[in-house]
Structures are given as C-alpha cells and as structure tokens.
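# Structural overview
Listed here are the chains, written in short residue letters.
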Amino acid sequence: MTNERPDPDDLLEVVKDETHRAKRGQLKIFFGACAGVGKTFAMLQAARHLHAEGVAVGIGVVETHGRKDTEGMLEGLPVLPRNTVSGNGRPTTEFDLDGALASGYKLLVVDELAHTNAAGSRHSKRWQDVEELLDAGIDVFTALNVQHLESLNDIVGGIIGIRVRETVPDRIFDSATDVVLVDLPPDDLLARLNAGKVYLPVSIERARQNFFRRGNLIALRELALRRVADRVNADVRTYRVSHAVKTVWPTQDMLMVCVSADRSQERLIREGARLAQRLQTKWIVVHVDRPYRGDDIKAREALQSIASAAQAAGAEFANVPGQDVAETLLNFARRRNVTKLIVGNPLGWRFIPFRSRLQERLARAGPEMGLILLGVDEVRPTVKRTVTDRPEGYGWALAVATLACGLTTALAAWLLRVFDPANVVMLFLMTVVFVAMRLGRVAGAWAALLSVACFDFFFIAPTMSFAVTDTQYLFTFALMLGAALIISQLAARMRSEARVARAGERRASTLARVARDLSSAIKVEQVFSICRDAITPLIGAQAILLIPNEKGQLLATQDTGGDVDLSVAQWAFDHAQEAGLGTQTLNAAEALYLPLKASMATRGVLAVLPIGELPAYDPDDRRLLDACCSTIGLALERIHFVEVAQDTLVRMEGEKLRNALLSAVSHDLKTPLTAIRGLAETLERTHGLPDSDRSDLARSIRQQADELKRLVSNLLDLARMQSQGVRLNREWHSLSEIVGSAIAQSTTFLKPRTVQTNLTPNLPLVEVDATLIERVLINLFDNAAKYTPTTSTITIRGGASGDSMYLVIEDDGPGLPTPTPEALFEPFARGQKESSIAGVGLGLALCRSIVVAHGGSIRAEARKPHGAAFEIRLPLGTPPEIESETLNDQATNPDR
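Residues numbered from 1 in each chain as written. Predicted model: local features only at pLDDT ≥ 70, side-chain atom pairs only at ≥ 80, totals over all residues. Heavy atoms only, no water.

## Things to note about the overall build of the protein
A count of helices and strands for the protein gives 27 helices and 24 strands. Here the protein holds 896 residues, and 41% of them are scored as buried. Summarising the internal contacts of the protein: among those between residues at least 6 apart in sequence, 69% fall at separations of at least 24. Of the accessible surface of the protein, which amounts to about 48500 Å², a share of 54% is contributed by carbon and sulfur atoms. (Helix = DSSP H or I, 4+ residues; strand = E, 2+ residues; numbered from the N terminus. Buried < 20%, exposed > 50% of the residue type's maximum accessible area, 1.4 Å probe, protein only. Contact = heavy atoms within 4.5 Å. Areas by Shrake-Rupley, 256 points an atom, 1.4 Å probe, with all protein chains shown as cover.)

Right, dumping it as structure tokens:
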C-alpha cells in the first residue's frame, strides 16, 4: 500500500516557511529583463487597482525618469515626502523609511529595489529598507531588473561588457510572495527606445550603442525567463510536498540515471551527461541499496567508482536504501519530480519465470515518465557474494544451519512423547527464524528445506523413509515449506534492515559527534585529536591532518612514519581535488588525500592511510567522509579567522598605544624643552640682569629640567618594568623616613601648598625597596600638585591595620575627574582628555607596577565633599629583632 502522507521533514520545512511568512508583510516584485519594459507602469497600475478597492496604498518612492505615462499613473495616489540626507558633502533626497513606518499604509510602492542609498541613511541598500518594512507587517510593491540579481551579476557582466555594481541577494527574490514577469520583445523595446519612452532624447543614441543592442536584449530576456521559471519550479516543489502529490508533474525536465553496482554502468552516466547537456537540465544518478545484497567487495568498489564518475560529470549521486528496486526507483523519481528515466538493458539477459524485468515494471508503474533503455554488457563479478559478515561464507552458514536442524530434530523426538506431530512443526519454524535472523537468506532457505525433510523422514509414517502413506501430509509439507521459506526471507530481510539502520545510525552519530566537537575547538591541536579519536575508528583507516604553513606548504601534524607522500598531498591542496589511492590522479600513492575545502579557501588535506588491506568504502561511507572533511575545513577556517581577529586586536592595541605615546611625547616632552630654551636665550641675550633675576631664571630652568627628567624616567621605567619585570632591592626601612625623604624631594613643586603628615607613632619597619617607594610617593605628590590649586592642603596619613601597613595621600582639591578611578592606573590614561597640564599619563601606572611588585595594592577614591585620596597598602611581614645589647649601648652612649 502506497503511503499518501507527505514526508514529515519536508512538510516541517514548508510549515516553518509559511509560519515565517505569515508574520511579515507580503513582497511583490515586478521583474523584467531591463529598463523600459514597463515594470514601474505595471506596478503603479496594480497599486491603483488596489487603491480603488479601498486598500491604504502609499507611494514611498517612484523614479519616473521623465516618462509622461508613468507620471500620469501617480495622479490620485498619496506620495510620501522624501528625506533629505547630506551624503558625500551635498544634500540629496532619499526614501524616508521612518516616515513610511509611521505612515499607517497597508501597502507601499518602493521602486528600484537595487538602489544604493546615500551616505548617512540608515541602510546602505534600498532592499534593506524593504526588509524592515516587511518585518513591520507592511506589504511592498517593488521593481527589479535581471542584471541586479547577485547570482547573475557575473553572467550579465560578460554579456553586456559592464559590471553592474548595484545587486540584490537572491534570497530576497526567492522569498518574495509573488513575482510578476513584465516582458517585452526586443524589437518592441527598441521601438519604445526610439520613441523616447525609455530615456530622454539626449541619451537614446548612447543607450543604443551600449546596453540596448539587440543581442544584449535577447540574452537578458532569456535570463529573466529562466530565472522566473526556476522560481516557479521551486513553488511547484513546495506545493507537491505540502499536498503529498505522488504523480510527476513534468513542468521542468529532470533526468534520473538508474545504475547497479557494476562498472559497465558508467556508460549510462556518460549518456546521461550528454543528454542533460543537450536538454540543459539537472540530472541524478540513483542506486538502490538493497540491505541483503551482501558484502561483495567488488560491487562496493564498482559503486564507489560510479559515484565518483557521476559527481565528476556534474550529477547528484543518491544511494537509496530499499527492498524492491522498481518501487524504490519510482518513489524517489516521483519525490524529485523526474520526467525521464535512463535504465540499462543488459545484453544477453536470461528469462526468469514468474518475474518481470525491471524495465517492464518501471514502464507499467510509471507511465507518466519517459523511459530510455541503453544496452549495457554487464560484467558479472568473479567473487562470490557472502551472505554473512563472517569470512567463512556459505559453507560455515550452511553447516551451522544443518547442526541447528539436527538439534531441533532430537528435541522434537523427545517432545513427541507428549505432543502431537502437528504441534512439533512450530519448533522447526522457530529454528528457521533463528537461522535466517543470524545467518542470512540462503542459510534460512536451507534450514527450511532441511526442516521439512527431517520432519518427514523421522516423524511421519513410515519413519526412516521419505515415503508418505497419507497424502494429506503432502499438503502439510507444502504449507510448512512455504511458511518456512517466507519466514526465513522475512527474517533475513529484518536482519539486513537492522544492519543498514545500525550503519546509518553509526554514521549519523559520528557526524554529529564530529560536528559537536569541532564546534567547540579553538585550537588546531584540538582538531588533530578529533581526527584521531573520531574519524579513524569510523573509516577503519588512519586519518592524518596536514595543514599549510605561512608559505602554503603542507606540514604533517603527527609522526606518519614516512607513509604520507607530501608531494601528492600538496597537489591535492593546490588544486582542491582529491588524489591518491582509489582516485584518477596519482593513484599509485599509498593513501587517499582529500582537500579540506571551506567557504573562503582550502584549509588543509586529510590523508587516509589504510590499516592492513585496502578498504572498499560504500558511497554512504564516502559521503560521510566528505561531510567530515567539509566540517573540518570549516572548523579550521573558523580557527584561522579567530587567530586573525586576535592578531588584529593586538595590532590595534599596539597602534593605540603608539599613538598615545607619540601624542604625549609630541606635546608634554616638548613643553619643558621649549621653556628651557626660552629661558636660556633670555640669559644669553639680556645683559646687566640683576643677580636675583638671574637666580630666578636659573631656578626655572632647573625646575623645567626636573620635570623633563621625571617624564622621561617614568616612561623608561615603565617600559623596563613591563618588559623585564620589577627588580626589588628589599630592606627593612622606617615608613616615616621614606615619607620625609619623598617630601623633601618634592618641595619644589609642592610649594606653596600646605603639607601635613599624620603617621601613627612607633610604626613597625617595613621590608621594601626604599628608592622605588619614594618614587611612588613623589609621583603621587606631583599628581596632587598638578591637579590642585596652590591654596590646597595635602595630607599624608599612615598606620598599621591587621597584616598590612597603609599610607594615604589625600587633598582637598576638585577631586577625581572620572567616575571609574581604576581607569586612571592604565598606561597613558589621563583624567582629562584635553588638558593643558603637562604629563603623559604614566605616573599612576608606574605607581601600581611598583606597589603590586611589593605584594601590595593601590587604589583611588573621591573624598566628600571634594578632594581625592590615594591609598597604598603594603604587607607588614616580620621585622628583625633589635638586639638588647645594641639598645643598651645606644642608651649609655647617645652620641654614638
């Protein structure tokens, strides 16, 4: 019985698409070969018709190009005002997207879908504006020429000699609710051009010499017709899927070449390629994979060769599982809407009673499809097929079946003491089922025959003889044999189907595992391990990943023992084609080399080295291997672009740091140099200056020199610390002495501010590098002096708390210029971007580096109501004990 329900997966895709469309507005495209065929006129005519029916129609944007008839169609329709955009330095008018969204119209007319918007618009392309309108639930009428379709851009450029730069993605065209073809013969279009109905008179002659040549118009017309036909064919397929249409609708030619696992079938592929080329149509090569066909190595190799030949000829290859060849082929053909079947007609075929030929069954069951028979000389395999997965083949299976029947006979002889012979028959049938399930079709048939013979010989009078006294037993034997044979075949079929299902599940789970693992891989080494752990067990061969270096030369990722031929792998990488074992290129190699193709480039090569004897892959296994290669290629490309993004980010940060450094050096280092030079020139040119003025000038020069020294020292010290780390000369020091020394060195720039110290008495010693800690305090004092007025008070507080010692430098100035104080400790960070205060933003960064090197911390916070505070915390440690004798000596001899 034929299942008339639609395929669930296909139907789910249709339902998802319809659900998505129901939430959006409807797009209607008026499509033509070129300008002048009447697209805009037809679009406005349809809009006027809906407007007359009461639909809220608005004109978003329409380009009339000075055509009187087009301008007349706009009369009576509301036109939205355009938006003025200052693009490229001059104002221009564009479609007002925001006004359209707020207009409340049910339908908007938006002409020239491929138009490029002026700079400053929300979207760069008008089709993006239309997408936003559709997402808002607004229906749109628009117009489009065939040369603006993205997929046909190169073809059109080759025809007309001009590359069209404004393009629309094909997905917009394919997802449109309706496409109306506006067609006009080339001669009529040229007549309209000459009459001035396409362009203004000044442009007619140039248009005729360039774009509007008759050959160009004919070619563009054919492209437009074919593209619309392809879209209609897709609509037909969608309708057939959603309505479970099983019959073929010959709306478009589709060829299907039916092949068997025989090398002679390659002739069918060549004939199919020639016929598909003449008809300019798509074609498929189909093989029916019957689960019980056995494990014929020769057949698998032939099938792989056929699959490679079909794909090389440009066909799609499908290995379809099925029991009945004719039924499977017809179901697949109807699902794909195939119009012609190409089937081989073996020469010297043999007559098989009670069995119709495949060709006859196809002709009777599929009269709606054309059938082409080609004579082929089948080459029978020289190797016998095995029906089991065991190497012993028929002999082993038949021996086990015979033994099982013998044991069943012995058990039946014992049971006949209790049961009638008719009840013992079921025991033999169970044996037949067991043998067929475990050992295959032939062993099951042998068990069926042997079971009938044993039942007759041992249990039917006269026993120990095949003679039968009661003729009714002949009918019993016939039914028993028929039931046993049918049961054995069904059991063997179930076994084979289970084997195919397990193989399919294994392939699917492996591919899912590989895809899952590769999706989370962020390093090339992870991809190596996935190839080793997942792909190698799948294909029964060693999988080795080869990736290129910066020069494009392949490198092995693991020890290959010399089995990988890098020259063959390099050829496969350079040409993006498979090579090596089992291919038509460099087939003397010991491994198969598969290029790892990604969307942008080939990312490497997967070398497949057989383990032991050469494997013969099924087409399904080979397609799985190709899918794994594609997934690996995409993963390597993703990792490549992640590395590129990281390198780009590092370069951007380096460029940012360099620009900040140059900006600081160009301004803040030049300021003290300018002051020093100006003061020196004053001393040189001015004679008779009083000694007090000379002292003031000298003091100013020294102050500017000190400022320059601090800037350069901070810059060099921070660079040294970041590259070599902070080298500490730790000794035990008194915190009050370090603070006093830092204040003394900062007196020059702290004046006339008030400096107060409030340190807890008897503070323990702290193990620090006194020179570097003084540097920290001097930088903090310098920072306070720069950003506080001269009347401010700077307070230094210090003490011990827990296992740390703290030191706070605070002021009552304007406070911190940023709400995030942590940002002030970044290199080249300054609170005020545009500040006249000298500095390069390195002082606080240097302070943090030094304090952190001591195992401490530094932070900034705002004081209330105003002011800023910087707190330093250093670990206390355990100071050394001062010997009592030394203390007594100091007490008795205070002058020492």
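## Examining the nonpolar core
Counting 60 residues, the largest nonpolar core has Ile29, Phe31, Val109, Leu133, Leu144, Phe212 and Leu220 as the members making the most contacts within it. The element contributing the most residues to this core is helix α10 (residues 214–242), with five residues. Counting residues in hydrophobic clusters, the runner-up holds 40 residues, among them Ile738, Ile778, Leu846 and Ile850. (Core = buried A, V, L, I, M, F, W, Y, C linked by side-chain atoms within 4.5 Å.)

## A look at the packing of aromatic side chains
The tally for this structure, following the rule as stated, stands at three aromatic pairs. Aromatic pair Phe31 and Phe173: ring centres 4.9 Å apart, planes at 55°, arrangement tilted. In this pair, Phe31 sits in strand β1 (residues 27–32) while Phe173 sits in helix α7 (residues 170–174), placing the two residues 142 residues apart along the sequence. On the accessibility criterion, Phe31 (0% relative accessible area) is buried. The exposure class of Phe173 is buried, given its relative accessible area of 0%. Its guanidinium or amino end placed over the ring of Phe641, Arg603 lies 5.5 Å from that ring's centre, counting from NZ or CZ. (Phe/Tyr/Trp six-rings, centres within 6.5 Å; stacked < 30°, edge-to-face > 60°. Lys NZ or Arg CZ within 6 Å of the ring centre and 35° of its normal.)

## Concerning helix α11 (residues 266–279)
Compared with an ideal rise of 1.5 Å per residue, which puts 14 residues at 20 Å, α11 spans 20 Å between its outermost C-alpha atoms and is within 8% of the ideal. When we look at burial in α11, the residues that qualify are Leu268, Ile269, Gly272, Leu275 and Ala276. Down the axis of α11, the sector holding all buried residues measures 130°, keeping them to one side. Residues Gln277 and Arg278 are exposed on α11 and point more than 90 degrees away from its buried face. At the exit of α11 stands Gln280, carrying a positive phi of roughly 55°. (Expected span 1.5 Å × (residues − 1). Arc of directions from axis to C-beta.)

## Thoughts on the state of the cysteines
Scanning the entire structure with this criterion turns up zero disulfides. Considering cysteine sulfurs only, Cys454 is the nearest to Cys405, which forms no disulfide, with 5.9 Å between them. Its relative accessible area of 1% is what places Cys405 among the buried residues. (Disulfide = S-S within 2.5 Å.)

## Structural notes on the packing of helix α13 (residues 325–335) against helix α14 (residues 358–365)
Close contact between α13 and α14 brings their axes to 9 Å; oriented N to C, the two are set at 40°. Here α13 is positioned oblique relative to α14, judged by the angle of their axes. Between α13 and α14 lies a crossing whose hand is right-handed. Of the residues in α14, those in contact with Val325, Ala326, Leu329, Leu330 and Arg334 of α13 are Leu358, Arg361, Leu362 and Ala365. For the contact of α13 with α14, the per-class residue count stands at seven nonpolar, no polar and two charged. (Axes fitted to C-alpha atoms, helices over the stretch in contact; angles between N-to-C directions. Parallel < 35°, antiparallel > 145°, perpendicular 65-115°, else oblique. Left-handed = near helix turned anticlockwise from the far one by under 90°. Nonpolar A, V, L, I, M, F, W, Y, C, P; charged D, E, K, R; others polar.)

## Observations concerning the environment of Val808
Inspection of the secondary structure puts Val808 in strand β22 (residues 804–811). Separated by 49 residues in the primary sequence, Val808 and Leu759 place their C-alpha atoms 9.8 Å from one another. Setting aside anything within four residues of it in sequence, one finds Val808 in contact with Thr795, Ile796, Arg797, Ala869, Phe870 and Glu871.

## Some remarks on the sheet that holds strand β8 (residues 254–259)
On the basis of which strands lie adjacent, the open sheet formed by five strands has the order β10-β9-β8-β11-β12 and parallel pairing. Because the sheet does not close on itself, it has two edges, and the strands there are β10 (316–321) and β12 (370–376). Between one strand axis and the next, the sheet turns through 25° on average, direction left out of account. Looking at chain direction, β8 and strand β11 (residues 340–346) are connected through four bridges and run parallel. Bridging from a neighbouring strand, Cys258 pairs with Val343 of β11. Along the sheet, α11 makes contact with β8, β9 (282–289), β11 and β12, crossing β8 at roughly 175°. Running at roughly 150° to β9, α13 makes contact with β8, β9, β10 and β11 of the sheet. (Pairing = 2+ DSSP bridges.)

## Let's talk about the packing of helix α23 (residues 735–745) against helix α25 (residues 770–787)
Helices that pack against each other are described as a pair by the angle of their axes relative to one another and the distance between those axes. Contact geometry for α23 and α25: axes closest at 9 Å, N-to-C directions at 50°. Classified by the angle their axes make, α23 and α25 are oblique. In terms of crossing hand, the pair formed by α23 and α25 is right-handed. In contact with Ile738, Val739, Ser741, Ala742, Ile743 and Gln745 of α23, α25 contributes Ala770, Ile773, Glu774, Leu777, Ile778 and Phe781. Grouping the constituent residues of the contact of α23 with α25 by class yields nine nonpolar, two polar and one charged.

## Looking at unusual backbone geometry
Here the amide bond leading from Lys751 into Pro752 is cis, since omega sits at 0°, within 30 degrees of zero. The step from Lys864 to Pro865 runs through a cis peptide bond, and the omega angle for that step is 5°. Summarising the element assignment, Pro865 is placed in the loop between β23 (857–862) and β24 (868–875). In this model, Asn337 sits at a positive phi of 60°, which is unusual for a non-glycine residue. Its place among the elements puts Asn337 in the loop between α13 and β11. Here the phi dihedral of Asn762 falls at roughly 55°; this positive angle occurs in a residue that is not glycine. Relative to the helices and strands, Asn762 resides in the loop between β19 (754–759) and β20 (766–768).

## Some thoughts on α23
Those residues of α23 that sit buried are Leu735, Ile738, Val739, Ala742 and Ile743. Mapping the buried residues of α23 onto a view down its axis gives an arc of 130°, with all of them on the same face. In α23, the exposed positions angled more than 90 degrees off the buried face are occupied by Glu737 and Ala744.

## Looking at the pattern of salt bridges
Enumeration over the complete set of coordinates arrives at 25 salt bridges. Note that Arg227 and Asp170 form a salt bridge whose closest N and O atoms lie 3.3 Å from each other. Taken together, the residues Arg227 in helix α10 and Asp170 in helix α7 connect sequence positions 57 residues apart. For the pair shown, Arg227 and Asp170 are each scored as buried. When the shortest N-O distance is used, the salt bridge between Asp174 and Arg227 registers 2.7 Å. With Asp174 in helix α7 and Arg227 in helix α10, the pair connects residues that are 53 residues apart, well separated along the chain. (Salt bridge = Lys/Arg side-chain N within 4 Å of Asp/Glu carboxyl O.)

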